[in-house]
Structure formats: C-alpha cells, structure tokens
Amino acid sequence: FNLFGNQFDSIDTGSRRLRIQTPWGSVISDNNATGSFTVSHTPVFQNTLSTTFAGGGFDGNSTFDINSTSGSYPNNLQPLIINGNNFRGVSVITFEDTGNVSYGPGRINVNPKEPPAGITFGEDGKSIVFSGQFLWNTVGLDWLNSEGTINRRIELETIAGQEVHTLPIETDPDN
C-alpha cells in the first residue's frame, strides 16, 4: 500500500491532513500550519528516451521536431509529452540544456491542478503534455533548435525543492 501515491502529490500548502480512527473514536489534524502538510514525491521518468518522451514530433529515438509534415502554423506544431510518475507535486518547470542554461522565460511556476495554457498534467500524475504552441511561443526557438546536438532537457522541481532532469534530446524545428 502506497500511502502517498501519484494522486496524493500536491503543491498546495497545507492541502493534506491526517485522520486517525480507532475503536474509541477518531481525530483529524488541525487545518493550520501545525496540523496540515503538503505531500510531494520526487518525480521519476521512464528508463529510456523512447518511453519517457512521446508526441507527434518525437521520433522515438532522440529527436523532437515541433513541425509536422503537413498543415500550417499554428496547427502543424506537435506536442511534446513526458512520461513518468509523481508529476502532481511539480511546482516549477525549466527548459534547459545540459549545461544548465535555461531558455524561454526560465523557471515556469506551475500548479498541476490549474496549469498555464498549453501545459496539461495527467490526472494520474504520470504525464505532462506541452502543446506545440506553448513550446513555440513561450519556450522559443533557441530551445527548439539544438543544432544537431543531443543536449536539451526539461527540469522538474517539486514544492519541496526536489529537482530532476529528463534525459537529453535533440530538438530540431526543421527536421
């Protein structure tokens, strides 16, 4: 039994309380700073690029191409999906390279229950989808064009300050 599984992660301060029930009665912790708490597992990714990343522009190997072969902007922009576990406690997302240089707006504050437009968290805490329009308009061409180098990654940070990085990928807007 996993008491604090994917769906229990939360970035909301004091969003969890304990109820203890015995044959003699029950008690619930106070709804204040001394009786409530936040739960946040460290996010984990799948073991390989092909299982961690998905989306119409990911080739299943190491390259993400935001442009599809048909259609026109902005409908031809492909989403990027990352898969893993424990994403409901993520509070900051950073698009960066393997040298820790961040792109776009830098640290993007998020609430998985009400994420910014263009980001969707799976209800089960096992996926995050970044729309092609979000990547193009917010993260930008500098992150989307690694110029043939496998050095782009995504950092997730939880409300507890735990940081994890995806494996690096190549990004190519014109592939």
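Look a little higher up for the structure.
Conventions used here
- Residues numbered from 1 in each chain as written.
- Predicted model: local features only at pLDDT ≥ 70, side-chain atom pairs only at ≥ 80, totals over all residues.
- Heavy atoms only, no water.
- Pairing = 2+ DSSP bridges.
- Helix = DSSP H or I, 4+ residues; strand = E, 2+ residues; numbered from the N terminus.
- Salt bridge = Lys/Arg side-chain N within 4 Å of Asp/Glu carboxyl O.
- Buried < 20%, exposed > 50% of the residue type's maximum accessible area, 1.4 Å probe, protein only.
- Arc of directions from axis to C-beta.
- Phe/Tyr/Trp six-rings, centres within 6.5 Å; stacked < 30°, edge-to-face > 60°.

Chemist: Go over the sheet that holds strand S10 (residues 108–109), please, and point to the residues and values.
Modeler: Strand order in this open sheet of four strands is S10-S9-S13-S14, and the pairing throughout is antiparallel. The open sheet has two edge strands with one neighbour each: S10 and strand S14 (163–165). When strand S13 (residues 152–158) meets S14, the two strands line up antiparallel, connected through three bridges. Looking across to S14, one finds that Leu156 is bridged to Val164.

Chemist: So what's going on with the pattern of salt bridges? Which residues, and what values?
Modeler: For the structure shown, the criterion picks out two salt bridges. A salt bridge links Arg153 to Glu96; the nearest nitrogen and oxygen atoms lie 2.8 Å apart. Here Arg153, found in strand S13, pairs with Glu96, found in strand S9 (residues 90–97); they are 57 residues apart in sequence, far enough to count as distant. For Arg153, a relative accessible area of 13% translates into the label buried.

Chemist: Would you mind going over helix H2 (residues 132–139) in detail, with residue names and values included?
Modeler: Turning to H2, its buried residues number three or more, namely Gly132, Phe134, Leu135 and Val139. Each buried residue of H2 lies within a common arc of 165° when the element is viewed along its axis, so the set occupies one face. One or two positions beyond H2, positive phi appears at Gly140, with a value near 95°.

Chemist: Now, about the packing of aromatic side chains: what can you tell me, with residues and values included?
Modeler: One pass over the full model with this rule turns up six aromatic pairs. For the pair Phe95 and Trp143, a centre-to-centre distance of 5.0 Å together with 80° between the ring planes defines the contact as edge-to-face. One end of the pair, Phe95, is in strand S9; the other, Trp143, is in helix H3 (residues 141–144), and 48 residues separate them in sequence. Ring centres 6.3 Å apart and planes at 25° place the aromatic pair Phe130 and Phe134 in the stacked group. The exposure class of Phe130 is buried, given its relative accessible area of 0%. Assessed through its relative accessible area of 7%, Phe134 is described here as buried.

Just distances and angles here, no functional claims.
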